[in-house]
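Now for the letters of each chain:
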Amino acid sequence: MDNILVMKNITKSFPGVTALKGVSFNIRRGEVHAIVGENGAGKSTLMKILSGVYQPTSGEFFLDGRKVSFKDPKEAQLSGISIIHQEFSLIPYLNSVENIYLGREIRKANGLLDKKKMREKAEETLKRLNADFDLNKPIAHLSVANQQFIEIAKAISIDTKVLIFDEPTASLTGNEINNLFKLIETLKADGVTIIYISHHLDEIIHICDRLTVLRDGEYVDTKDVAKCTKQEIVKMMVGREIINVFPERPSHHQFRNEIRLQVKKITNSNVSDISFDLKKGEILGVAGLVGSGRTEMVRALVGADPAEEKEVYINGEKATIKNPTDALSHGICLIPESRKTQGLILDMSIKKNISLPILNELSNRLKIINRKRENNIVNKSIKDLLIKTPSSMQKAKNLSGGNQQKVVLAKWINTDSNILIFDEPTRGIDIGAKEEIYRLMRDLADDGISIIMISSELPEVLGMSDRVLVMYKGRVQAMLDGKEATQEKVMHYATGGVNQ
Amino acid sequence: MNGLTMKRNYKEMFKTPEMLTLIGFFVLCIIFSVVSEEFLSLTNVSNIIRQVSINGILAVGMTFVILTGGIDLSVGSVMALTGTIMAGMMINVGLPPFAAVLVGIILGAVIGYINGAFTAYARIPAIIVTLAMMEIARGAALLYTGGYPLSGLPASYSFIGQGYLFGVIPMPAVIMIIVFVVAYIILNHLPLGRYIYAIGGNEEAVRLSGIKVKRIKASVYLISGITAGIAGAIMSSRLSSGQPMAGEGYELDAIAAVVLGGTSIAGGRGHIFGTLLGALLLGVLSNGLNLLGVSPYVQRVLKGAIIIGAIYYSSIRQKD
Amino acid sequence: MNGLTMKRNYKEMFKTPEMLTLIGFFVLCIIFSVVSEEFLSLTNVSNIIRQVSINGILAVGMTFVILTGGIDLSVGSVMALTGTIMAGMMINVGLPPFAAVLVGIILGAVIGYINGAFTAYARIPAIIVTLAMMEIARGAALLYTGGYPLSGLPASYSFIGQGYLFGVIPMPAVIMIIVFVVAYIILNHLPLGRYIYAIGGNEEAVRLSGIKVKRIKASVYLISGITAGIAGAIMSSRLSSGQPMAGEGYELDAIAAVVLGGTSIAGGRGHIFGTLLGALLLGVLSNGLNLLGVSPYVQRVLKGAIIIGAIYYSSIRQKD
Amino acid sequence: SNNGEGSEDGETNASGKQLKIGMSFQEMNNPYFISMNEAFQEAAKSVGAETIIADAQHDVTKQINDIDDMIQQGIDILIINPADSEGAQAAVQAAHDAGVIVVAVDAQAEGPLDSFVGSKNYDAGYLAGQQMAEDLGGEGKVAILDGIPVVPILERVEGFKDAISEHPGIEIVDIQNGRQDRAEAMSVTENMLQANSDLDAIFSVNDEGALGSLGAVEASGKDVWIYSVDGHPEAVEAILSDGPFKATTAQFPRDQVRVGLGIALAKYWGAEIVPDEIPIDVKLLNKENAEGFTW
Ligand SMILES: Nc1ncnc2c1ncn2[C@@H]1O[C@H](COP(=O)(O)OP(=O)(O)OP(=O)(O)O)[C@@H](O)[C@H]1O
Ligand SMILES: Nc1ncnc2c1ncn2[C@@H]1O[C@H](COP(=O)(O)OP(=O)(O)OP(=O)(O)O)[C@@H](O)[C@H]1O
Ligand SMILES: [Mg+2]
Ligand SMILES: [Mg+2]
């Protein structure tokens, strides 16, 4: 077989953690190769080594039969390996063109930047991706999906032999994912080898030729995708069978008719005239395409962003919510979509992150924090949510993405709120952990907590929701009953369709 | 395994910036006590602590501000203004020292709160707000006194700045230690302290946690105003007068103490006792160089070089 | 749709911080020209530009540094040191003015590079490195001159600081404009400029793009050292002497100009012509207050209040 | 303290406008310069002139800028108290070129000055040194608390050293810089007392520094005597209180301005010949004669 990449005994240690332990396997020329594994299995770390971000502690790898070692990402790029990182690496205040050509600027003969040429070439590249947006805007003002396109454009605008995608679909929905798949097909046809990391096994089955499983930093196996079922893959990853990720919905709803939250006419620059209600013990799924304003709606609801108009009633009583503090005092809390920029204080320990919103409750009359109670609550959360960490004193930034997400969940669940709003709660989370999070949400609902769950994963919305609210262009397009909702129906409304 | 972790923690403790400042501090002390016989005498040690106290107290407020990712350039001027107002309250208004000091500290708090309000609520960069306040407070002190130092303070007032507790511990040092202990409790045992660290780490995450970020951001400047007021009391008592031009450049010394003490200038990380160490290190440095009779010009060069050297050395150690 | 975008851009342009400083600048100019008849006279305008030039030039280097998220507190001292060295080269060594200025600017570049190396390679916070360098350079200037100003410069040398181009445009202003144009080209038309903005936006991402971040970070301090050297030349020529104590506090004026000009103190955003505006605004402010005969103490208060006011006003406008 | 109100019948210049006099101070944060300003305002008022003042805050560049702005306002006379002799040259030149009469007070300035009025600073140091030597009985260890290196200060130190050199029994054991600042001087003196346990006396280049030293000496409980230059009200008070502060050589800031302004006016009225330099006497103040002295 013609192997483009050969890895031999790659080991990588960080202070206190060995992320990779003697990993060896091969990538064939021209294939789409998936890497799967639980959160913290070492996928991203391995990719960072291949792309020159990290150097391995020991071990070696060969590109086209030649032993290589990259001291920085540029060297890797020049040798033909590019990566689209799991965490975006864009410059917020530069525009799209400037980001795409960062470090590879095209110059005129006189040495000055050739802005026109770069712009034209960037437009060309983005056309290949079927992406269309204002190239002059600083990318901080673009939606997450569009930022993702810039990342991809950046990588494919270089001639590359191996292109690594580290969870590219985590912030994409429907159409955009299809565009991405088409792009991957084209790249493959052009002879580019692709390494693809994702927690979405359907995607992997759809586009990958082979897959490699990592578990706890160790190599488990490499298989032809065609020759294995989803069940088998899950078992290799998690080490156990997962039959049904979504917990049973209760057949009869014990709190059916108690309305807990009524929202009327939320309007601001991103959303208009949003009204709905939420029952006690209900899980309300919110579906919609990227940019449909789901995040904006809930941010306006909890007062994280201003609203021009808004009426909120809790248990029938009018509530004034001007900021997240008010929301919390009314028992509403928003678990934000971006764990790094909105959820965590990366330099703080897991413990201090989890206890942050409840410090007042953990303090005595003199306002002194009761350390013992704090430890108890935190340790319980770590245990309940199976957060994988050497200790509660570990800094949040040293956790894998999935475990960071669990810390974020723990942080807000402990506030004892009646209304929990989850914005993309399982983004980037492995299937085992997802199952736990779904279980947790269902248990909370069964205890009478009301839940709003925004998700870009339709199966998740369909599998969990009692009702589904579909948004389109900042408005409520439809409210569907959970049992009647189907993939087709939701997509119909999400793309602007009206009553069938 | 547990023993190993212990050992590792123990080893890592020696790599924290505070610990390195501590080592630097002891190294300096050893050098100075070898080359100068007076250095370790009781009177000199109490000398050093007294000299350090004003900068130490200002640096406490500065630590709060820097932990949130801010900066307060107005502390020197605010100290001068509060000091002259205190003197004025005693001399012209006839308030008793205690009341006059209170008025001055309240004034410091108000000015600090104004800094904080513009920074937190109006979102103007702290460096600009406090730079402007530095000019305003200095101008106000000069206007209030007409440029003259205000002298003729009651004799009893000199106790704060010149007196001794139990006959040996200089009062400024006592006050400084109280300020540090209070700061320690706030930062390490109260929710407020956690919030301050957290805001320096990720403000948006704290806001979404339902915490009133702006109020806390404003409060750190208020705290810095209070410490400037306390320093103003000590200063006016030490100089037996309200000096409108006192404290020029003190903001930079306070920042140096905080950063030498290992607090990240970007906020979110640091320790209040690191700041104490930083202030002591700076104090020992200038005392020692004075004792050795080093020329003032050479002192400036050495002081700068030693600060860079100390931090450079500590940064190398941390990387190992 | 396109028309709409255009319109929005046009409206948004008026909300950029630079634009607001521009408005503030014109408002001040109008007020001063109404209340003082001398204000808009040709000689006074050339006066203002000359007065602004040293701060403007320092602020150019400071803009580079701040765009990367750094800070350079040493510019005032470095200006004094390079100015005294230039004077020394002419007086004691007998170098011709051109060569002496070159020596001084190279010295500025070297000092700047040292700042940059400690900041970028040794990862010591810029505020500490440059604070220490501020002391070192000041001490070195005092040592070199023995504390006395160095006088006896060749008459031809006065052209740089006191001469006029075409008999009307003050030379310092000409030099300042050249410096701004060069800075504009670097920042907007060379990759280096891109990288400087990018580093201020997301340093890690720039590193991942394979750009030598450390080298670029070091280079901005080098640039700031060069501008300090240029300012040193103008200063020594204006003062007909090398003044070891010149430039105290100038770092803060330079920072004020940069931030008033709309550059984010956190880096990544800003424009060099905003800095020019910021410097002009500060210059007009102090010239106008002088012309109005405002008392020096009140001037300090007003200056601070107007700076805060201007930025506050601009921040409100931006929020609309 | 800005535009002094000129009376109707006040002094007017050739074009019939009211006489304008500018005074640029090196600093205005100390009673010495404030009393100078008071004398200046009174004197200018008595001739019905408009006044403009500026505070250079020790920065010569700012002083040049301030003076440029005064020239814009059309001053006829400039009284300059230079922050630095050399550095002020451009300002003196610019004023001169604009036809302004320029007189320096308190410290010399380079350039085409019409006159200079200043204290006999060498004498000030010398007199203080003499008194110290006398009080010590010609024997002891003494220290100098130096200041900002400008000519008047350097002259005081020189005068002091010359006086001491006439007494071989007295040894100068330490020279430190208190930057003429009270707080700085206090810390420096504390260290000085520490380093020299057998110190007998300190000479400070100005009273502001001496008052800082006084605090340190009193706190240490040591018997160290202080000598200085200036005649600051607090120094006078300290000398009379019979503490460690023994003597200071007083300057006469008001008279310097009065004489300086007088010369400038003479020039303005057409005098061709005026003295280039007018030294103003200084006077030693000790316990016997300090009573009642004020600037
Ligand atoms: N810079 C670092 N310092 C310390 N530990 C690290 C660092 N980066 C990664 N780790 C640890 O290495 C392990 C592997 O992390 P990695 O990011 O490769 O996981 P992953 O398989 O990509 O997980 P996910 O699916 O959550 O993205 C984790 O335990 C993580 O905590
Ligand atoms: N920082 C920003 N500046 C300007 N517009 C923004 C910004 N963030 C989002 N928007 C706009 O707000 C709208 C909704 O944004 P967003 O993409 O977050 O919606 P969403 O439905 O929550 O999608 P997702 O959560 O999947 O990203 C879009 O039109 C988007 O362009
Ligand atoms: Mg990963
Ligand atoms: Mg969203």
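Here is a short report on the structure shown in this document. Bear in mind the structure is a predicted one, so any value in this text is a computation, not a measurement.

Cut-offs and rules
- Residues numbered from 1 in each chain as written.
- Chains lettered and ligands numbered in written order.
- Predicted model: local features only at pLDDT ≥ 70, side-chain atom pairs only at ≥ 80, totals over all residues.
- Heavy atoms only, no water.
- Helix = DSSP H or I, 4+ residues; strand = E, 2+ residues; numbered from the N terminus.
- Rg over C-alpha atoms; globule rule 2.2 N^0.38 Å.
- Buried < 20%, exposed > 50% of the residue type's maximum accessible area, 1.4 Å probe, protein only.
- Contact = heavy atoms within 4.5 Å.
- Lys, Arg positive; Asp, Glu negative; His and termini not counted.
- Charge placed at Lys NZ, Arg CZ, Asp CG, Glu CD.
- Pairing = 2+ DSSP bridges.
- Axes fitted to C-alpha atoms, helices over the stretch in contact; angles between N-to-C directions.
- Near = heavy atom within 4 Å.
- Polar contact = N/O pair within 3.5 Å; in protein donor to acceptor, adjacent residues only side chain to side chain.
- Areas by Shrake-Rupley, 256 points an atom, 1.4 Å probe, with all protein chains shown as cover.
- Nonpolar A, V, L, I, M, F, W, Y, C, P; charged D, E, K, R; others polar.

1. Side note on the overall build of chain B
Helix and strand counts for chain B stand at 14 helices and four strands. Relative to a compact globule of 320 residues, whose C-alpha radius of gyration would be 20 Å, chain B shows 20 Å and is just as compact. Across its three principal axes, chain B shows a C-alpha extent of roughly 70 × 60 × 35 Å. Scored against the burial criterion, the 320 residues of chain B give a buried share of 61%. For chain B, the share of sequence-separated contacts (at least 6 apart) that also reach a separation of at least 24 residues comes to 77%. For chain B, the distance from the average site of its 19 positive side-chain charges to the average site of its 12 negative ones is 9 Å.

2. Focus on the sheet that holds strand β20 (residues 475-481) of chain A
All names here are of chain A. The six strands are arranged β16-β17-β18-β13-β19-β20 in an open sheet whose pairing can be described as mixed. Pairing within the sheet leaves two strands with one partner each, and these edge strands are β16 (332-335) and β20. With direction set aside, neighbouring strand axes in the sheet form an average angle of 20 degrees. Sheet topology places β16 next to strand β17 (residues 419-423); four bridges connect them, and they run parallel. Residue pairing across strands places Leu-334 opposite Ile-421, the latter belonging to β17. Together, β13 (283-288), β17 and β18 (450-454) form the strand contacts of helix α15 (residues 431-446), whose direction differs from that of β18 by roughly 145 degrees. Those strands touched by helix α17 (residues 487-494) are β13, β19 (467-472) and β20, and its axis lies near 30 degrees from that of β19.

3. Notes on the site of ligand 1
Residues and elements named next belong to chain A. Around ligand 1, the structure places 20 residues, and the nearest of them are Asn-39, Gly-40, Ser-44, Thr-45 and Asn-398. Side-chain polar atom of Ser-44 to an oxygen atom of ligand 1: 2.7 Å apart, as the coordinates give it. Between ligand 1 and Thr-45, the relevant distance is 2.5 Å, taken from an oxygen atom to a side-chain nitrogen or oxygen of the residue. For ligand 1, whose unbound accessible area comes to 640 Å², protein coverage reaches 85%. The set of elements that each furnish at least two residues to the shell around ligand 1 consists of β2 (17-28), α1 (43-50) and α14 (401-413). Element by element, the count of residues in the shell around ligand 1 is highest for α1, at three residues. Along the lines of polarity and charge, the residues of the shell around ligand 1 split into six nonpolar, 11 polar and three charged.

4. Re the site of ligand 2
All names here are of chain A. Around ligand 2, the structure places 15 residues, and the nearest of them are Gly-293, Arg-294, Thr-295, Glu-296 and Glu-337. Ser-292 has a polar backbone atom sitting 3.2 Å from an oxygen atom of ligand 2. Between ligand 2 and Arg-294 there is a distance of 2.4 Å, counted from an oxygen atom to a side-chain nitrogen or oxygen. Out of a free accessible area of 610 Å², ligand 2 has 73% covered by protein chains.

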